[in-house]
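# Observations on the three-dimensional arrangement
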Amino acid sequence: EGPLTPQHEAIAKEVLRTKCLIGLLREKTETMRRLESFFNWKADRSQRRMECEEKLLYWDWPGKNRHEPVLEGSEAWNRLEFQNTFDIRLYEYAEKLFIAQGKLFESLPPDF
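Predicted, not measured: the structure shown is a model, and the values here were computed from it.

A contiguous nonpolar patch, built from Phe 38, Phe 39 and Trp 41 and spanning about 360 Å² of accessible area, is present on the exposed surface. Residue placement: Phe 39 occurs in the loop between helix 2 (28–38) and helix 3 (47–58). Accessibility expressed as a relative area gives 46% for Phe 39, which makes it partly exposed.

Here is the structure:
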């Protein structure tokens, strides 16, 4: 309770680094490849499964909330950025972890 501090941020980063396998929505294919490897998922590679996976991962989301984009530098942007400073930094750290964790999966074939 209370305001977030740099100590909270450091703890959150340590939890991400030591306890989490990072996945990124913009890197869906690579994220799924890593999850399958990490959890040793052995799904069949049938045409039906591949089509289902493609629909789930790459087609537009019918239930997606559509909002007007917030313009960078606008009052709304600045307020959101201020209120979410720690979240933004944590996400940026997660992006770096995603790259670093990629080294753990380098030996996998691309179609694993």
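From this point, things continue past the structure.
The next thing to look at is the packing of helix 2 against helix 3. Contact pair helix 2 / helix 3: the axes reach a minimum separation of 11 Å and the direction vectors enclose 125°. Comparing their axes, helix 3 and helix 2 come out oblique. When you trace helix 2 past helix 3, the crossing you get is right-handed. Residue-level contacts link Lys 28, Thr 29, Met 32 and Glu 36 of helix 2 to Arg 49, Glu 53, Leu 57 and Tyr 58 of helix 3.

This brings us to the environment of Arg 66. As for its position among the elements, Arg 66 is in the loop between helix 3 and helix 4 (75–83). For the pair formed by Arg 66 and Ser 37, sequence separation is 29 residues and the distance between their alpha carbons is 34 Å.

A separate point is helix 2. Those residues of helix 2 that fall on the buried side of the exposure criterion are Glu 30, Thr 31, Arg 33, Arg 34 and Glu 36. Each element contacted by the buried residues of helix 2 is listed here: helix 3 and helix 5 (85–102). At the C-terminal side of helix 2, Asn 40 shows a positive phi close to 55°.

So, on to the pattern of salt bridges. Taken as a whole and judged by the stated rule, the model has seven salt bridges. Glu 9 serves as the salt-bridge partner of Lys 13, at 3.2 Å between the closest nitrogen and oxygen. Separated by four residues within a single helix, Lys 13 and Glu 9 lie in helix 1 (residues 6–19), roughly one turn from each other. By relative accessible area, Lys 13 is classed as partly exposed at 24%. Between Glu 14 and Arg 17 there is a salt bridge, and its shortest N-O distance comes to 2.8 Å. Placement of both Glu 14 and Arg 17 in helix 1 is noted, with a separation of three residues, approximately one turn of the helix. Of the residues examined, Arg 17 reaches a relative accessible area of 44% and is grouped as partly exposed. Salt bridges sharing common partners tie together Glu 9, Lys 13 and Arg 89.

Procedures and definitions
- Residues numbered from 1 in each chain as written.
- Predicted model: local features only at pLDDT ≥ 70, side-chain atom pairs only at ≥ 80, totals over all residues.
- Heavy atoms only, no water.
- Patch = residues over 30% accessible without salt bridge, like charges linked within 9 Å, V, L, I, M, F, W, Y side chains within 5 Å.
- Areas by Shrake-Rupley, 256 points an atom, 1.4 Å probe, with all protein chains shown as cover.
- Salt bridge = Lys/Arg side-chain N within 4 Å of Asp/Glu carboxyl O.
- Helix = DSSP H or I, 4+ residues; strand = E, 2+ residues; numbered from the N terminus.
- Buried < 20%, exposed > 50% of the residue type's maximum accessible area, 1.4 Å probe, protein only.
- Axes fitted to C-alpha atoms, helices over the stretch in contact; angles between N-to-C directions.
- Parallel < 35°, antiparallel > 145°, perpendicular 65-115°, else oblique.
- Left-handed = near helix turned anticlockwise from the far one by under 90°.
- Contact = heavy atoms within 4.5 Å.

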